[in-house]
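# Structure at a glance
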Amino acid sequence: MSYSIREGEKKDMQAVLELINELALFEKLPNEVEISIQDLLRDGFSDKPKFKTFVAEEDAVIIGVALFYERYSTWKGRIFHLEDLIVRKDKRGLGAGFSLYQAVLKFAHDTGAKRVSWDVLDWNKDAINFYKNTGATILEDWQVVHMTRENLENFIENTKG
């Protein structure tokens, strides 16, 4: 193994943002990333961090990241959401993605989480097969629902009363 896995630090956020942009390009949504390094620093390293990261590092270069955060399920209690699992395109196949995935799942297990959940695009067959092969369940009958900032503003404006 030519890389190591460790918790993300402030100094890693430039590389994390670059990986986020690489993922957006892979998902065919390159113009959707609005987050900045300042957002990542504020939200990930405040007194009450909103997310946690593990990074894969090779020769002092970040080659992958897993970004996740705690949620609460009314049915299960404490759970985690894996927001993104990203490995640089030229570093895929080394096992870094599996190691990052394993780090998140071990963290969730060790902290008593009842579940870890995430989204996967239906056309990303490699990811779907990877997750199924690790024992994850793909919920075919659930739909992801988003309310964008613009939609929120419209909703609030149209429901004033």
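Residues numbered from 1 in each chain as written. Predicted model: local features only at pLDDT ≥ 70, side-chain atom pairs only at ≥ 80, totals over all residues. Heavy atoms only, no water.

## Side note on the overall build of the chain
- Along the chain, the regular secondary structure elements total five helices and five strands.
- N-terminal to C-terminal, the α/β element order of the chain is β-α-α-β-β-β-α-β-α-α.
- The C-alpha atoms of the chain give 17 Å as radius of gyration, which agrees with the globular expectation for 161 residues (15 Å, within 12%).
- Considered along the principal axes of its C-alpha atoms, the chain spans approximately 60 × 35 × 35 Å.
- Relative to its 161 residues, the chain shows a buried fraction of 34%. (Helix = DSSP H or I, 4+ residues; strand = E, 2+ residues; numbered from the N terminus. Rg over C-alpha atoms; globule rule 2.2 N^0.38 Å. Buried < 20%, exposed > 50% of the residue type's maximum accessible area, 1.4 Å probe, protein only.)

## Notes on the side chain of His81
- Of note, His81 is situated in strand S4 (residues 77–87).
- Of note is the side chain of His81, whose polar atom sits 3.3 Å from the side chain of Glu83.
- Looking at His81, its side chain comes within polar contact range of the main-chain oxygen of Ser117, at 3.4 Å.
- For His81, the residues in contact, after removing those within four places along its chain, are Leu67, Phe68, Tyr69, Arg71, Ser117, Trp118 and Asp119. (Polar contact = N/O pair within 3.5 Å; in protein donor to acceptor, adjacent residues only side chain to side chain. Contact = heavy atoms within 4.5 Å.)

## As for the packing of aromatic side chains
- For the structure on display, the rule yields 12 aromatic pairs.
- Between Phe68 and Phe107, the aromatic rings sit 5.5 Å apart at their centres with planes inclined by 65°, giving edge-to-face as the arrangement. Here Phe107 lies in helix H3 (residues 96–110) and Phe68 lies in strand S3 (residues 61–73), a separation of 39 residues in the sequence.
- The structure contains a cluster of three or more aromatic residues connected by ring pairs, namely Phe98, Tyr101, Trp118, Phe130 and Tyr131.
- Positioned above the aromatic ring of Trp123 is the side chain of Lys28, whose terminal nitrogen or guanidinium carbon lies 3.9 Å from the ring centre.
- We note Arg92 situated over the ring of Phe26; from NZ or CZ to the ring centre the distance is 5.5 Å. (Phe/Tyr/Trp six-rings, centres within 6.5 Å; stacked < 30°, edge-to-face > 60°. Lys NZ or Arg CZ within 6 Å of the ring centre and 35° of its normal.)

## So, the pairing of S4
- S4 sits mainly inside the fold: eight of its 11 residues count as buried.
- The sheet contact formed by S3 and S4 spans 10 bridges and is antiparallel. Residue Val65 lies in a different strand from S4, and its bridge partner there is Ile86.
- What sits between S3 and S4 in their antiparallel hairpin is a turn of three residues.
- One crossover worth recording links S4 to the parallel strand S5 (residues 116–117) by way of H3, and it is right-handed. (Pairing = 2+ DSSP bridges. Right-handed = clockwise from strand over helix to strand, strands pointing away.)

## Observations concerning the side chain of Ser73
- Its location among the elements puts Ser73 in strand S3.
- Of the polar contacts made by the side chain of Ser73, one reaches the backbone nitrogen of Lys76; its length is 3.0 Å.
- Excluding residues within four positions of it along the chain, Ser73 makes contact with Ile79 and Arg115.

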